[in-house]
Amino acid sequence: MMDTQGITAAQVDKYGCVATINNVSQYFNKKLKEAIIQLRKDLHLAAITYVDVYSVKYSLIAQSKKLGFGNPFLVCCGHGGKYNFNIAMRCGWTKMVNGTKTVIAKSCEDPSSRIMWDGLHFTEVANRWI
């Protein structure tokens, strides 16, 4: 997540995504497509399927408000930080409070209203959309 990586506002695009990281993903996909084209020529009897998950996920984030998700980076199950995410206190994290083990990083009330489950994985609803 952005608040753990020292990303500046200048590095973020209009949807809140880190442009340099997205550029790497786009470059990887471009090279992968080129490799697949060559593989299809070399292995003309093979069935090779390419799925561009990056573009679908980016589209989901770009349209998050229109689709009813709100802030696409706000984590459902987490604790702390700008996006309810702290790598040291991930989903289900517990802490001893007055001698009792207490869950600190809890789930939100409505996971279907979020794209991100725990800062690393998408929610079921987001995965169905994808």
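Use the structure listed above.
What counts, and where the lines are drawn
Residues numbered from 1 in each chain as written. Predicted model: local features only at pLDDT ≥ 70, side-chain atom pairs only at ≥ 80, totals over all residues. Heavy atoms only, no water. Helix = DSSP H or I, 4+ residues; strand = E, 2+ residues; numbered from the N terminus. Rg over C-alpha atoms; globule rule 2.2 N^0.38 Å. Buried < 20%, exposed > 50% of the residue type's maximum accessible area, 1.4 Å probe, protein only. Salt bridge = Lys/Arg side-chain N within 4 Å of Asp/Glu carboxyl O. Phe/Tyr/Trp six-rings, centres within 6.5 Å; stacked < 30°, edge-to-face > 60°.

Focus: the overall build of the protein chain
So, point 1. Each helix and strand in the protein chain was counted, giving three helices and two strands.
So, point 2. Going from N to C terminus, the protein chain has its helices and strands arranged as α-α-β-β-α.
So, point 3. A compact globule built from 130 residues should have a C-alpha radius of gyration of about 14 Å, whereas the protein chain, at 19 Å, is more than 25% larger.
So, point 4. Overall, the C-alpha framework of the protein chain stretches about 65 × 35 × 30 Å when taken along its three principal axes.
So, point 5. Out of the 130 residues in the protein chain, the part that is buried amounts to 25%.

Observations regarding the pattern of salt bridges
So, point 1. With the rule as written, the count across this model stands at three salt bridges.
So, point 2. In this structure, the salt-bridge partner of Glu34 is Lys31, at a minimum N-O distance of 3.4 Å. Of this pair, Glu34 and Lys31 are both found in helix H1 (residues 19-42), three residues apart, which corresponds to roughly one turn of the helix.
So, point 3. On the accessibility criterion, Glu34 (36% relative accessible area) is partly exposed.
So, point 4. For Glu124, the salt bridge identified is with Arg128, shortest N-O distance 3.9 Å. Placement of both Glu124 and Arg128 in helix H3 (residues 124-129) is noted, with a separation of four residues, approximately one turn of the helix.
So, point 5. A residue is classified by how much of its surface remains accessible, and Arg128, at 62% relative accessible area, is exposed.
So, point 6. By sharing partners, the salt bridges in this structure join Lys30, Lys31 and Glu34 into a single network.

Focus on the packing of aromatic side chains
So, point 1. Under the counting rule described, the total for this entry stands at three aromatic pairs.
So, point 2. Judged by centre distance (5.7 Å) and plane angle (85 degrees), the ring pair of Tyr15 and Tyr58 falls under edge-to-face. In this pair, Tyr15 sits in the segment before H1 while Tyr58 sits in helix H2 (residues 53-62), placing the two residues 43 residues apart along the sequence.
So, point 3. By relative accessible area, which is 30% here, Tyr15 ends up partly exposed.
So, point 4. In this structure Tyr58 comes out as partly exposed when scored by relative accessible area, which is 23%.
So, point 5. Plain terms: the ring middles of Phe73 and Tyr83 are 5.9 Å apart, the flat faces sit at 65 degrees to each other, and that makes the pair edge-to-face. Pair noted here: Phe73 is in the loop between H2 and strand S1 (94-97) and Tyr83 is in the loop between H2 and S1, with a separation of 10 residues, a long-range link.
So, point 6. The class for Phe73 is buried, based on a relative accessible area of 14%.
So, point 7. Clustering of aromatic rings is evident, with ring pairs tying together Tyr15, Tyr54 and Tyr58.

In short, shape yes, function no, at least from these values alone.
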